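Residue strings, one per chain:
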Amino acid sequence: MSIEVKGVNDVLVLKLSQDINIEGQLKELDTLLDQPLFNQEGFFPRAFFDFGCQKMEEEDLLKLIQLLKTKKKVLFDGITLPVEKHAIKMVHDQLRNGQEFFIYEETLFLGVVNPGSFVYCYENVYFLNKVKGTIVIMKEDVKIYGHSFEKAHIMINQLSLHNLTTLALVSVYYKDREIKVEKEDTYEDNSRYIW
């Protein structure tokens, strides 16, 4: 049996092996609940179930609850669920002259990109601070967004755009063999207040 049982603050923590699929874990749990520890008259320990990083579907959770209702051996005290990864990575770095930074996943860039620094973008990037350095777009389908470009240098596919300066929210991308800079009108529309 690969279920590890620990007592923590009057709760039994049942740590189930991650090497076994959910079906196998539930079968082992079914067997464990028939052990003498769980067959004491009038004794219903609180049990917390640790499935590790395994993702449970709703039907698996329902099977667990049904098993516990059928066995009537423990009081359900909780379950671990895997932590969802943030959809967008956040970067707080401030880049100085001569520094290079590589972005491989969709990123919210909170730091300043100073002159002489380089950011290589393999995925979409949202710049919330000043961009004064060089942004190199490494794939044709990548877009960069920002609202404070100051003499920034944008490069993609052997094309370059020098001295991009704007204080409006813009998107910069590659299309029809040229670098496009498009003002984001939806931002302005969403920021209006109706009284």
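Conventions adopted
Residues numbered from 1 in each chain as written. Predicted model: local features only at pLDDT ≥ 70, side-chain atom pairs only at ≥ 80, totals over all residues. Heavy atoms only, no water. Pairing = 2+ DSSP bridges. Helix = DSSP H or I, 4+ residues; strand = E, 2+ residues; numbered from the N terminus. Buried < 20%, exposed > 50% of the residue type's maximum accessible area, 1.4 Å probe, protein only.

Enquirer: Looking at this structure, I do not really get the pairing of strand β13 (residues 159-166). What am I missing?
Expert: On a regular strand, each side chain points to the face opposite its neighbour's, so the side chains alternate between the two faces of the sheet. Examined bridge by bridge, strand β12 (residues 149-156) and β13 share five bridges and lie antiparallel to one another. Directly across from Ile-154, in β13, lies its bridge partner Leu-161. Adjacent in sequence and paired antiparallel, β12 and β13 are bridged by two residues, among which Asn-157 carries a positive phi angle near 45°.

Enquirer: Help me understand the pairing of strand β10 (residues 134-137), please; the structure alone is not making it clear to me.
Expert: Side chains Thr-134 and Val-136 of β10 all project onto a buried face; the interleaved residues Ile-135 and Ile-137 project onto the opposite face, where all are buried too. Pairing geometry for strand β8 (residues 118-121) and β10, over four bridges, is parallel. Its bridge partner being in β10, Tyr-120 is matched across the sheet by Val-136. Summarising the sheet, β10 and β12 pair through three bridges and their orientation is parallel. When the bridges of β12 are listed, Val-136 appears paired with Met-155.

Enquirer: Is there a simple way to explain unusual backbone geometry in this structure?
Expert: For residues besides glycine, phi is generally negative; the peptide bonds are generally trans as well. Not every positive phi belongs to a glycine, and Lys-151 is a case in point at roughly 55°. Residue classification places Lys-151 among the exposed residues on the basis of a relative accessible area of 60%. Located in the positive-phi region is Asn-163, a residue other than glycine, with phi close to 55°. Owing to a relative accessible area of 54%, Asn-163 belongs among the exposed residues under this scheme.

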